[in-house]
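Next come the chains, spelled out residue by residue.
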Amino acid sequence: TNYTGVKETYRHRGIAKALKVLAIKAAKAEGVHTITTDAEEKNQPMQQMNRSFGFVPGQGHYRVVKQLNEI
């Protein structure tokens, strides 16, 4: 359920929530027992939505990022 991106002009219409619901239902239908998601630290609306679905912050997880510059 990573990167539930919705173009800014279409936000606040329930699209991200619907996509998240479909992803969760598809995972359950396949017998998946654990799923993960990410949200940027400053993206409080997405963090709140994730929590409303029962996602909890993982402990000991971190993302390592390297910016690649043009050669």
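The paragraphs below set out a description of the structure included in this document. (Residues numbered from 1 in each chain as written. Predicted model: local features only at pLDDT ≥ 70, side-chain atom pairs only at ≥ 80, totals over all residues. Heavy atoms only, no water.)

## With respect to the packing of aromatic side chains
How two aromatic rings sit relative to each other is given by the distance of their centres and the angle of their planes.
And step 1. In this structure the tally under the stated criterion is zero aromatic pairs.
And step 2. Note that Lys-20 overlies the ring of Phe-55, its terminal NZ or CZ placed 5.6 Å from the centroid. (Phe/Tyr/Trp six-rings, centres within 6.5 Å; stacked < 30°, edge-to-face > 60°. Lys NZ or Arg CZ within 6 Å of the ring centre and 35° of its normal.)

## With respect to a nonpolar patch on the surface
And step 1. A contiguous nonpolar patch, built from Tyr-10, Ile-15, Leu-19 and Leu-22 and spanning about 370 Å² of accessible area, is present on the exposed surface.
And step 2. Tracing the backbone shows Tyr-10 in the segment before helix H1 (15-29).
And step 3. The class for Tyr-10 is partly exposed, based on a relative accessible area of 42%. (Patch = residues over 30% accessible without salt bridge, like charges linked within 9 Å, V, L, I, M, F, W, Y side chains within 5 Å. Areas by Shrake-Rupley, 256 points an atom, 1.4 Å probe, with all protein chains shown as cover. Salt bridge = Lys/Arg side-chain N within 4 Å of Asp/Glu carboxyl O. Helix = DSSP H or I, 4+ residues; strand = E, 2+ residues; numbered from the N terminus. Buried < 20%, exposed > 50% of the residue type's maximum accessible area, 1.4 Å probe, protein only.)

## Some points on the side chain of Thr-37
And step 1. One can find Thr-37 in the loop between H1 and helix H2 (44-52).
And step 2. Within polar-contact distance, the side chain of Thr-37 engages the side chain of Lys-20 at 3.0 Å.
And step 3. If sequence neighbours within four positions are ignored, Thr-37 has contacts with Thr-1, Asn-2, Lys-20, Asn-50 and Phe-55. (Polar contact = N/O pair within 3.5 Å; in protein donor to acceptor, adjacent residues only side chain to side chain. Contact = heavy atoms within 4.5 Å.)

## A closer look at the environment of Thr-34
And step 1. With respect to the helices and strands, the residue Thr-34 is situated in the loop between H1 and H2.
And step 2. Taking the C-alpha atoms as reference, Thr-34 lies 24 Å from Gly-14; in sequence the two are 20 residues apart.

Taken by themselves, the reported measurements are silent on function.
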